[in-house]
Each structure stands twice: as structure tokens, then as C-alpha cells.
Amino acid sequence: MRLTAIIIGFFLICVNGYIHCQSLENPIVIDGIISDKNTNKTLAYANVSAIQSNNGTASNMNGYFKLENIAASDTIVISYIGYEKLYITGKDWNVKKYYLVPKSELLFETSVYSNNDFLYEKFIILKKHKHRENSIAKTYFYLNTIISDSIVELIEAFYNGEFKGYDTKDLYFENAQIAVKPYKCESEKYYFISSETSKLFSKYSLFSKNENFPRNPFELNFSQLKKYYDLKLLSVYKDNGSKIYEISFIPQRDKNMFFEGVAWIDITKNYLQKVDFVIKNSHKVPFLTFGNINKIHSIDIFLSKTFKLEQGDVRLSSMNYDIEMIYENFNGYKYSPRIHTYIKPFDYSNTFEPTLFDFGQTLHEDYRNASITSDDDFFWSNREFYINTKTKDNVEFIKKYKIASSHQDFDFSKSWYKNGLIQYSFIEWDETRFVIHQEKIFEEKNPNLSEEFNSDKYNFNTKLYLDYNIIHDSVYCITKSILDPINTYYHFNIDNVTLVFFNIYWDLLEIERRELIKSINALEQIDYVLVKQLYYKSVEKYKSATKLYLKETQRGKDLFYLKKWNDYVYENLKINNFDYFNVAF
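Residues numbered from 1 in each chain as written. Predicted model: local features only at pLDDT ≥ 70, side-chain atom pairs only at ≥ 80, totals over all residues. Heavy atoms only, no water.

Looking at this structure, I do not really get the packing of helix α8 (residues 496-521) against helix α9 (residues 528-553). What am I missing?
When two helices pack together, their arrangement is captured by the angle between the axes and the distance separating the axes. It is at 9 Å that the axes of α8 and α9 come closest, and there the two elements cross at 155 degrees. On the basis of the axis angle, α8 is roughly antiparallel to α9. Crossing geometry of α8 relative to α9 is assigned as right-handed. Each of V500, F501, I504, Y505, W506, L508, L509, E512, L516, S519 and I520 in α8 lies in contact with α9, whose residues at this interface are V531, L534, Y535, S538, K541, Y542, A545, T546, Y549, L550 and T553. Within the contact of α8 with α9, the residues separate by chemical class into 16 nonpolar, 4 polar and 2 charged. (Axes fitted to C-alpha atoms, helices over the stretch in contact; angles between N-to-C directions. Helix = DSSP H or I, 4+ residues; strand = E, 2+ residues; numbered from the N terminus. Parallel < 35°, antiparallel > 145°, perpendicular 65-115°, else oblique. Left-handed = near helix turned anticlockwise from the far one by under 90°. Contact = heavy atoms within 4.5 Å. Nonpolar A, V, L, I, M, F, W, Y, C, P; charged D, E, K, R; others polar.)

Before we go on, may I ask you to explain the side chain of N216 in this structure?
Among the secondary structure elements, N216 is positioned in the loop between α3 (197-200) and α4 (222-228). In this structure N216 comes out as buried when scored by relative accessible area, which is 0%. A distance of 2.6 Å separates a polar atom in the side chain of N216 from the backbone nitrogen of F218. At 3.1 Å, the side chain of N216 and the side chain of E219 are in polar contact. The residues contacting N216, other than those within four sequence positions of it, are Y204, S205, L206, Y229, F259 and F277. (Buried < 20%, exposed > 50% of the residue type's maximum accessible area, 1.4 Å probe, protein only. Polar contact = N/O pair within 3.5 Å; in protein donor to acceptor, adjacent residues only side chain to side chain.)

Looking at this model, I keep getting lost on the pairing of strand β15 (residues 242-251). Mind explaining?
Look at any regular strand and the pattern is simple: side chains alternate between the two faces of the sheet. Within β15, 8 of the 10 residues are buried, leaving the element largely enclosed by the surrounding structure. Note that strand β14 (residues 229-239) and β15 share 10 bridges and pair antiparallel. Among the inter-strand pairings, D230 is bridged to a residue of β15, identified as I250. Taking the residues between adjacent antiparallel strands as the criterion, β14 and β15 are bridged by 2 residues, where N240 takes a positive phi near 50 degrees. Where β15 lies against strand β16 (residues 260-266), 6 bridges are found, and the strand directions are antiparallel. Within β16, the position partnered with F249 by the bridge is G261. (Pairing = 2+ DSSP bridges.)

Whenever I open this one, the packing of aromatic side chains confuses me. Can you help?
Two measures describe an aromatic ring pair: the distance that separates the ring centres and the angle between the ring planes. Taken as a whole, this structure holds 58 aromatic pairs when the rule is applied. With a centroid separation of 5.1 Å and an interplanar angle of 45 degrees, the aromatic rings of F397 and Y401 are classed as tilted. One end of the pair, F397, and the other, Y401, are both in helix α7 (residues 392-401), 4 residues apart, so they sit about a helical turn from each other. Taking 5.2 Å as the distance between ring centres and 70 degrees as the angle between the ring planes, the aromatic pair formed by F460 and Y505 counts as edge-to-face. Residue F460 is found in the loop between β27 (458-459) and β28 (462-471), and its partner Y505 is found in helix α8; the two are separated by 45 residues along the sequence. The pair formed by F460 and Y505 is uniform in burial state, with each residue classed as buried. (Phe/Tyr/Trp six-rings, centres within 6.5 Å; stacked < 30°, edge-to-face > 60°.)

Before we go on, may I ask you to explain the nonpolar core in this structure?
If you look at soluble globular proteins, the nonpolar side chains tend to sit buried side by side. If you look at the biggest cluster of nonpolar residues, it comprises 115 residues, and the most contacted ones within it are F218 and L272. Sequence-distant contacts of L272, that is, excluding residues within four places in its chain, are made with L126, Y166, L206, F218, A263, W264, I265 and F307. Grouped together as the second largest cluster of nonpolar side chains are 42 residues, L356, Y458, L516 and W565 included. (Core = buried A, V, L, I, M, F, W, Y, C linked by side-chain atoms within 4.5 Å.)

I would appreciate a short explanation of α9 in the present structure.
Given 3.6 residues per helical turn, the α-helix brings residues three or four places apart onto the same face. Its 26 residues give α9 an end-to-end C-alpha distance of 37 Å, which sits within 8% of 38 Å, the value for a rise of 1.5 Å per residue. Inspection of α9 places Y528, V531, L534, Y535, S538, V539, Y542, T546, Y549, E552 and T553 among the buried residues, and these make up the whole buried set. Residues of α9 that are buried in the fold lie against β28, α8 and α10 (559-573). For α9, the side-chain oxygen to backbone nitrogen distance between the N-cap and V529 is 2.9 Å, and the N-cap itself is D527. The first or second residue beyond α9 is Q554, which carries a positive phi of 50 degrees. (Expected span 1.5 Å × (residues − 1).)

Would you take a moment to explain the confidence of the model for the chain for this structure?
Residues shown with low pLDDT carry predicted positions that ought not to be read at fine detail. For the chain, per-residue confidence averages 82 on the pLDDT scale, and residues scoring 70 or more make up 84% of the total. Element-level pLDDT for the chain is lowest in strand β1 (residues 6-7), with a mean of 30, against a maximum mean of 97 in α10. Taken as a whole, residues 407-422 scores under 50 in pLDDT and shows 48 contacts with residues more than four places along the chain or in a different chain. Across residues 440-452, where pLDDT falls below 50, the model places 9 contacts with residues more than four positions away in sequence or in other chains. (pLDDT = per-residue confidence, 0-100.)

Looking at this structure, I do not really get the sheet that holds β28. What am I missing?
Picture the strands of a sheet paired through backbone hydrogen bonds; they go either parallel or antiparallel. With antiparallel pairing, the 3 strands of this open sheet are ordered in space as β25-β29-β28. Whereas interior strands pair on both sides, the edge strands pair on one side only; in this sheet they are β25 (427-428) and β28. Examined bridge by bridge, β25 and strand β29 (residues 474-483) share 2 bridges and lie antiparallel to one another. Its bridge partner lying in β29, I427 is registered against L483. Where α8 meets the sheet, its contacts fall on β25, β28 and β29, and the angle it forms with β29 comes to roughly 165 degrees.

Just to check I follow, could you spell out the pattern of salt bridges for this structure?
When charged atoms on two side chains of opposite charge get close, those side chains can pair. Within this structure, the stated rule accounts for 22 salt bridges. For K103, the salt bridge goes to E84, with nearest N and O atoms at 3.8 Å. Of the two residues, K103 is situated in the loop between β8 (97-100) and α1 (110-113) and E84 in the loop between β6 (76-79) and β7 (86-88); the sequence distance between them amounts to 19 residues. Accessibility expressed as a relative area gives 12% for K103, which makes it buried. (Salt bridge = Lys/Arg side-chain N within 4 Å of Asp/Glu carboxyl O.)

Below, the structure is given as C-alpha cells:
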């Protein structure tokens with residue numbers, strides 16, 4: 001089977017949970033289609049939230065939403081820029097179709113400002129009020145890719161998002177689940193991978209030139225704006241005491257190099273409520289294909305951002321971007337993937353406690369990191385925000401095609417797993433023993449390195465993982481013993497003694513992880529600060545244990561001490577590495 005991918009972007013085994021829930025009696029599920037009352041057009045990515053239950057979601061591309069775990073006494077609020085808010089109580093929960101009313105227009109103002117500099121000045125004023133305060137919020141990310149009307153990729157992830165005014169500074173990974181389905185082309189199977197997309201458009205700067213993107217009107221000065229764009233006032237309406245101008249911007253030239261679209265500007269408070277960017281057959285392609293033999297022949301982009309004003313600061317409310325391209329793979333086969341993406345900072349009052357683990361930085365970060373987090377069933381069953389990953393089709397897709405860390409034979413000389421999909425995927429410890437394949441001898445690459453530097457010829461990058469979350473008044477911890485293939489290598493001849501040596505090294509981490517669970521269980525009250533202290537204490541204990549292990553066994557050469565440590569592992573884990581690898585003593 002051949003494997004190809006698109007890299008989009010620049011460039012367990014035990015779970016320990018502590019749950020203190022206040023469960024809802026007879027929780028309600030509400031779903032339906034959200035549409036414009038006047039045109040019956042469905043509204044994609046409308047915000048849906050429950051006031052009492054504090055749950056949230058958004059409508060999907062077809063206007064459909066589903067919200068679970070709602071109290072019978074709750075009130076649902078549906079909102080969308082340019083529309084009146086809709087409040088739904090229990091008596092209307094079975095309606096299934098919900099209509100939003102456009103805000104009233106003051107059309108008499110249209111003829112006053114359409115053909116002079118007034119509209120251009122409103123764009124320039126926004127640039128002078130970009131807002132400088134940083135804020136951090138729990139942030140949701142959703143992506144699906146469709147080829148030939150069939151979903152082939154689904155990503156759902158959570159981050160601590162760092163924002164500054166209209167722009168995103170960074171997304172700090174918390175949790176993700178990813179499912180990828182191969183699609184057929186003639187007799188071959190292929191994968192489409194949207195790697196790094198969580199940070200692609202989120203890093204798009206509204207008021208600065210973006211070299212890999214089409215130009216937009218907000219990054220231009222006054223004379224450039226007049227030169228390149230025609231502005232037209234579409235409507236005016238009032239919103240919470242402010243006057244909102246809906247203004248279209250159309251490029252006068254080079255339509256393959258400039259976004260067109262519509263902006264909703266609060267001229268009373270001088271901030272941008274919403275902007276829609278559209279470009280067909282863009283000459284700017286912000287993607288790298290996998291390898292230099294794949295091609296993107298054309299690309300259409302739709303990018304929408306909404307903002308809110310809180311205590312004088314602009315904050316991102318939501319963002320979605322849709323991409324459609326004609327892509328040619330290395331066999332010359334052309335197909336048209338459609339990528340739908342939604343980003344939502346859903347809680348500016350709280351953040352996720354940082355995961356105690358060094359994920360590192362490399363290609364395919366979302367994919368790589370999801371190999372640890374995708375099996376966290378408690379988190380995914382109780383997530384605070386979601387879009388449509390709880391619908392039947394998506395649940396089945398994730399269940400069938402979800403990516404997780406697989407325990408398989410490992411070749412340190414390769415950067416990709418044999419039959420694998422993720423570069424440098426994390427690997428979780430389990431009772432199945434781990435096998436290292438032989439690579440070329442070290443001296444061929446480093447002829448001048450003497451035997452006295454044997455410690456430089458190998459490295460086992462093992463790490464302790466701990467994730468701490470508070471979800472709906474529940475405290476939840478999950479711990480894992482992880483092997484990180486990055487900077488993991490072994491440049492000696494490999495035999496069964498070597499395999500014993502390596503597996504015991506990793507087993508020592510699993511022993512310490514289980515001791516950490518006991519320490520956390522012994523706490524009278526679960527607290528992140530205390531858990532964090534216990535975590536780092538365990539990390540130091542593991543470092544001390546492995547240092548002594550390497551010294552006593554002479555890096556695996558002393559069978560007497562290797563047997564001693566093997567007995568220690570057997571005592572704690574009931575695993576006999578000597579017997580498993582047929583090493584006589």
C-alpha cells in the first residue's frame with residue numbers, strides 16, 4: 001500500500017481518575033437546524049450555549065447543532081452576528097428548526113456614505129485601535145476533510161489559546177483525538193493529512209502583511225486601500241446601543257491576489273465585529289505539500305472571524321475557514337479535498353491546567369500529540385465544548401479510524417514507523433515487550449569517536465505523562481509511561497541482552513508511575529499544585545533509579561546486576577524480561 005499526505009502548515013496504561021460530579025437529573029438533549037427567518041438559508045457556525053449548564057456548541061456547515069447534558073430548567077441562547085439572539089426554553093426544545101431574525105436595517109444612511117472617503121476611514125481607524133492586551137482562553141479546534149463526498153479526516157482538539165486583540169499569539173496543546181480513513185484511487189490507497197492546521201489560519205494577522213496569504217484591506221494604508229479596493233455600504237443597524245455598518249470590499253484588480261468580502265464594523269466603539277474573506281483560485285498558497293512531487297493546481301479559501309468587546313478589549317469569538325483545492329499526487333491522480341475548520345475560544349475566565357509533559361516540537365504536532373491523548377475516554381465524554389463530533393456518523397468514524405499509539409517493533413534508523421502514519425509518534429508502555437531493530441553500525445558514521453564515549457552512542461528518551469483536568473466540577477488525572485522516538489537511538493549491535501537492558505529501563509518508569517498514582521490517592525484533597533509537586537518528585541526518583549541502573553549494569557553488560565534489576569521489575573510488574581527474551585543466567 002502506498003502512502004501519501006499533505007502537510008498543511010508552514011514550515012496506558014493505567015488511568016487514575018478522581019471524580020466529584022454533580023450529575024444532572026434526567027439531562028436533556030437538544031438539536032435542530034438554525035436558519036435565517038427571511039431567506040431560510042442555514043447559518044453555519046452559529047453559537048449555541050446553555051446558560052445554567054454552561055455547555056456550548058456551534059452549528060455545523062449545514063446549520064445543524066446538537067447540545068447534550070442540559071438541565072430541564074435551562075435556557076438555550078443562539079446567537080449570530082447580524083441577527084437577534086434567540087432564547088429557547090423547555091417548551092420549544094422539540095421544534096427542531098430554529099429561525100434567527102436579521103437585525104433591523106437603517107437603509108436611509110446607505111446613500112449618504114457609499115461613495116466618499118467615510119467608509120475607507122472606518123477601516124483605517126480600526127488599524128489604530130488594534131488593542132494590545134493579552135488574554136488566554138480554553139480553545140476548541142475542529143476540522144474535517146471530505147473527498148468525493150466522503151469524510152476522510154476528522155480532528156478535534158483543545159488548547160490554551162493566547163490572544164492579543166484581533167490576532168492569535170499561540171495555541172498550547174491540551175488534548176486531541178484524530179481519525180483518518182484511507183481513500184481509494186484506482187487500485188491504490190492514500191491518506192490525506194491536514195497537519196499543523198490548528199496553527200495555520202489561527203496565526204493569520206489581520207493588520208499585517210502575510211507573505212503566504214492573499215492581501216486584505218485591513219493591512220493597507222489609506223492610499224493603498226483607495227487604490228486596490230472598492231467599498232460599499234450594504235446595511236446599517238443598531239446592536240446594544242451601537243451602530244453597525246456592514247461594508248463589502250471588492251478588489252479593483254489582481255483578484256487572485258486579494259481577498260474580497262464583507263466587514264461588520266461597530267462605528268460607535270470602533271471595533272470589528274466580524275469579517276468574511278473569500279478568494280477563488282488564489283495565487284497565494286499557504287500550504288506545503290508532502291514532498292516536491294505533489295502539486296496544488298488551484299485553491300479557494302473562505303475565512304471568517306468574529307470578535308467581541310469585553311472591558312474595552314477586543315477578543316476573538318470564533319473563526320472558521322473552508323478550503324477547496326485541486327490536488328495532484330505523485331501518481332498524477334487529481335482530486336478535490338474540501339477542508340472545513342472551526343476554532344472557538346469558549347472560556348476566557350478559565351484555562352486548562354498545563355499538561356505535565358514535554359511534547360516537543362516537530363512536524364505533525366497535532367497528529368503526534370493525539371497519539372497520547374486520543375484514548376482519554378473521560379475527557380472526550382465530558383468535554384465542555386464540541387461542534388458535531390457527537391453525531392452518530394462522526395462517533396462511528398472516530399471509533400473506527402481513530403489514531404492512537406500502537407505498540408509495535410521499532411527501528412531507530414527510521415524516522416517513520418513501519419506501516420505507520422505519524423512521524424515520531426509517541427509510544428505508550430504496556431506489558432508487551434519492545435523490540436529494537438538493528439541499524440547500521442555507529443562507527444561508519446562517526447569513525448573518529450572512540451570507545452570511551454560509549455554513553456554518547458545511545459539514548460532512551462522516556463517520559464512521564466500527567467494530565468490534570470477539572471471538568472464539570474470533576475477532578476480527573478491520567479498518567480502514562482511514554483517513549484519519545486525523537487532523540488531515541490542505539491548505535492551498538494543489538495542482541496537479546498540489549499532488549500532486556502532497554503525494556504527494564506522503560507519498566508522502571510512504569511514502576512515509578514504506579515507509585516505516583518499511590519501518592520496522589522493518598523492526598524486528602526486533590527489539588528493541582530500538590531499533584532505537580534508529586535509529579536516532579538517522581539521524575540527525579542526515576543532519574544536517580546536509571547542512573548544507578550546504568551552504573552550497576554555497566555549499560556547492560558553486567559548480567560549479574562542486570563538480573564538483579566530484572567528481579568526488581570518482576571517483583572513490581574510481574575514481568576520477567578530474562579525469560580521473555582530467552583537470556584540465560
